[in-house]
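# Report on the structure
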Amino acid sequence: MRRKLGDRRTRPRFDIVGDLWGTLETVLRLPLRNVGRGGALIHSHVALPLESVHRLTFVSEGRDLSTQVRVRHVEQDMSADGERTYLIGVEFISATPALQEQIERWLLAGEGAAAAEA
């Protein structure tokens, strides 16, 4: 393969004839609207396909707690500045014991705060 003048690539590139499918993984930080024992509601600028499976990582108290989730519902929403956003309900497929314990702590803290305000 002959290199073009000004091409600084050290390795050859090949043209693809036809379709070559691939996947791209990306990491987005998304606000968590609420969480329960079975799933969570997240806010996103990107709609996710129904029934699609993703890895969700919660960062709490310096720990990363990951689990697989399945998208169960997607609702279109409008942000305060008029931008289209989405509320995405996900179901935990296989929450680890550490994540389940953290969710219980969040739920207890939320119930305690609600009782104190009432």
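Residues numbered from 1 in each chain as written. Predicted model: local features only at pLDDT ≥ 70, side-chain atom pairs only at ≥ 80, totals over all residues. Heavy atoms only, no water.

Next up on the list: the sheet that holds strand 5 (residues 84-92). The strand order across the open sheet formed by five strands is 1-2-5-4-3, and the pairing between neighbours is antiparallel. Each of the sheet's edge strands pairs with one partner strand only, and the pair in question is strand 1 (32-35) and strand 3 (53-60). Between one strand axis and the next, the sheet turns by 35° as a mean value, whatever way the strands run. Summarising the sheet, strand 1 and strand 2 (residues 39-44) pair through three bridges and their orientation is antiparallel. Counted as the bridge partner of Asn 34 is Leu 41 from strand 2. (Pairing = 2+ DSSP bridges. Helix = DSSP H or I, 4+ residues; strand = E, 2+ residues; numbered from the N terminus. Axes fitted to C-alpha atoms, helices over the stretch in contact; angles between N-to-C directions.)

The subject of this paragraph is a nonpolar patch on the surface. Together, Leu 28, Leu 30 and Val 46 make up a nonpolar patch on the protein surface, roughly 230 Å² of accessible area in all. Within the secondary structure, Leu 28 is located in the segment before strand 1. Taking relative accessible area as the criterion, Leu 28 reaches 48% and is therefore assigned partly exposed. (Patch = residues over 30% accessible without salt bridge, like charges linked within 9 Å, V, L, I, M, F, W, Y side chains within 5 Å. Areas by Shrake-Rupley, 256 points an atom, 1.4 Å probe, with all protein chains shown as cover. Salt bridge = Lys/Arg side-chain N within 4 Å of Asp/Glu carboxyl O. Buried < 20%, exposed > 50% of the residue type's maximum accessible area, 1.4 Å probe, protein only.)

The next point concerns the pattern of salt bridges. All told, the structure shown has three salt bridges when counted by the stated rule. A salt bridge links Glu 104 to Arg 37; its shortest N-O distance comes to 2.6 Å. Here the residue Glu 104 occupies a position in helix 1 (residues 97-117), and Arg 37 occupies one in the loop between strand 1 and strand 2, the gap between them amounting to 67 residues. The class for Arg 37 is exposed, based on a relative accessible area of 57%. The partner of Glu 51 in a salt bridge is Arg 72, and the shortest N-O contact between them spans 2.9 Å. Taken together, the residues Glu 51 in the loop between strand 2 and strand 3 and Arg 72 in strand 4 (residues 63-78) connect sequence positions 21 residues apart. Here Glu 51 falls in the partly exposed class, since its relative accessible area comes to 43%. Residues joined by salt bridges that share partners form a network here, namely Glu 51, Arg 72 and Glu 91.

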